[in-house]
Amino acid sequence: MSSTVNCGSGGGSTTHTGLRIASLFIIWFGSTLGASFPIIARRSRFIRVPQGLFEFAKYFGSGVIIATGFIHLLSPGISELTSPCLGAAWQNYPYAEALALLSSFGIFSIELLAFRIGTARLKKLGIRHDGHGHGHGMDALTRAEDSAAAVPDMEAANVEKKEKDFKAGNGESSDEDDLFVTDENALAQIIGVAILEFGVVLHSVLIGLTLAVDERFITLFIVIVFHQMFEGLGVGSRLAFLRLPHKWRYMPALGAILYGITTPIGIAVGLGVRTTYNPGSTKASLISGILDSLSAGILIYTGFVELLAHEFLFNPEMRDASNLKVLYALGCMMFGCGIMALLGKWA
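The following paragraphs examine the structure supplied in this document. (Residues numbered from 1 in each chain as written. Predicted model: local features only at pLDDT ≥ 70, side-chain atom pairs only at ≥ 80, totals over all residues. Heavy atoms only, no water.)

1. As for the pattern of salt bridges
- Under the criterion given, the structure shown has five salt bridges.
- The salt bridge involving Lys325 is made with Glu317; its shortest N-O contact spans 3.3 Å.
- A relative accessible area of 24% places Lys325 in the partly exposed class.
- What you see here is one network of salt bridges that share partners, running through Glu55, Glu317 and Lys325. (Salt bridge = Lys/Arg side-chain N within 4 Å of Asp/Glu carboxyl O. Buried < 20%, exposed > 50% of the residue type's maximum accessible area, 1.4 Å probe, protein only.)

2. Here's the deal with the environment of Met340
- Turning to its location among the elements, Met340 is positioned in helix H11 (residues 323-343).
- By relative accessible area, which is 0% here, Met340 ends up buried.
- Among residues more than four places away in sequence, those in contact with Met340 are Val64, Ala67, Thr68, His72, His227, Phe230 and Glu231. (Helix = DSSP H or I, 4+ residues; strand = E, 2+ residues; numbered from the N terminus. Contact = heavy atoms within 4.5 Å.)

3. Structural notes on the nonpolar core
- Core analysis: the largest hydrophobic core is formed by 23 residues, its most contacted members being Val200, Leu239 and Leu299.
- Those elements that provide at least two residues to this core are helix H1 (17-43), helix H2 (51-81), helix H6 (183-213), helix H7 (217-240), helix H8 (251-273) and helix H9 (282-313).
- Among the elements that take part in this core, H6 stands out by supplying five residues, more than any other.
- Beyond its immediate stretch of four places on either side in the chain, Val200 contacts Glu231, Val235, Tyr259 and Leu299.
- Ile207, Val213, Phe221 and Ile267 belong to the second largest nonpolar core, which has 15 residues in total. (Core = buried A, V, L, I, M, F, W, Y, C linked by side-chain atoms within 4.5 Å.)

4. Some remarks on the side chain of Asp292
- Relative to the helices and strands, Asp292 resides in helix H9.
- Despite its burial, Asp292 pairs with no opposite charge; the closest candidate is Arg216, at 12 Å N-O.
- In this structure, Asp292 is in contact with Leu73, Pro76, Gly77, Glu80 and Leu206, ignoring residues within four places of it in sequence. (Lys, Arg positive; Asp, Glu negative; His and termini not counted.)

5. Thoughts on the state of the cysteines
- Evaluation of the coordinates by the stated rule reveals one disulfide.
- The disulfide partner of Cys7 is Cys85, and the S-S distance across this bridge is 1.9 Å. Between Cys7 and Cys85 the sulfur-sulfur dihedral comes to about -85°; the bridge is accordingly left-handed. Pair noted here: Cys7 is in the segment before H1 and Cys85 is in the loop between H2 and helix H3 (95-124), with a separation of 78 residues, a long-range link.
- By relative accessible area, which is 9% here, Cys85 ends up buried. (Disulfide = S-S within 2.5 Å.)

6. Brief notes about H2
- End to end, H2 covers 44 Å across 31 residues, agreeing with the expected 45 Å (1.5 Å per residue, within 8%).
- Bending of H2 peaks at approximately 35° at the position of Thr68.
- The element H2 is largely enclosed, with a buried count of 22 among its 31 residues. (Expected span 1.5 Å × (residues − 1). Bend = angle between axes of the 7 residues up to and from the residue.)

7. Overview of the environment of Ile191
- Here Ile191 lies in helix H6.
- Remark: the alpha-carbon pair of Ile191 and Glu111, spanning 80 residues in sequence, is separated by 8.0 Å.

8. Observations concerning the packing of aromatic side chains
- Inspection of the entire model under this criterion finds eleven aromatic pairs.
- When the ring of Phe70 is compared with that of Phe304, the centres are 6.2 Å apart and the planes differ by 75°; the resulting orientation is edge-to-face. Of this pair, Phe70 sits in helix H2 while Phe304 sits in helix H9, and the two are 234 residues apart along the sequence.
- Judged by relative accessible area, Phe70 falls into the partly exposed class, the value being 36%. (Phe/Tyr/Trp six-rings, centres within 6.5 Å; stacked < 30°, edge-to-face > 60°.)

9. Considerations on unusual backbone geometry
- In this model, His16 sits at a positive phi of 55°, which is unusual for a non-glycine residue.
- Mapping His16 onto the fold places it in the segment before H1.

Encoded structure:
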């Protein structure tokens, strides 16, 4: 082990104290803005946002989330769990990759169980559920035949008309549109987005903790402001398209608020312990490495299965779309992925 490696408690950087405190509020504002704007824009009758902009945000956000899983979570997880501060046993097996694999299969198992339970309950109610989707995000709004199957025949034409109106408009949805959403379908949507946000939230707290004590504060601060805003846009675009009964209409706003406060919480904790907290210590490397790796598996699974597969393969609208629209969606996704991957050079 190199003599320059500090594996003890030590302490973090104590420079730029005022700016570090200010960063708590700046990042809170940027994170909350990114996560809440899609929700406000969709629900507001005064902010008229073109549907194309919503679609850009949705696909851009999918790319951001996938890049976050690989570049901002799995890669640091590998570095932390192969730190020279850890024992030889940690160097002899790819634990980071194994933990990511474990969390991916764990999330799949939970979703499979929830899906089977929900489908069985719907079957008892005489409602057909499409096996190619759980009603996540925009997918729930573009499946007219699913909505028609979930309501009496006399209402089917009305539901289809509303969904066509939605696609032709600015993405706004009225409470009336959500009257036919069953509790089971709504719960499936909430579970899907909650899994996504859980992985992002763990990552955000660790980012805040690092920012509070890192010596490269100025560079890291600038990058994290954009990082959290882009990531918030990805989360917010999914929250905005949740289709929920009126009693659960507060869930998207709650998700945006939760996302907005996680990094500031990490910064606050880091500022409180920065005289004793060493991010490179044995304990810190172990804890952050395990959490980063588990979060990476969650985001990678969610990104490829819940976002890409449902949007590009199982979405009837995308299956029937022109090649130009598909290329546009892919371009937006790759743009988001590329921007977030580039930010990984500094944070």
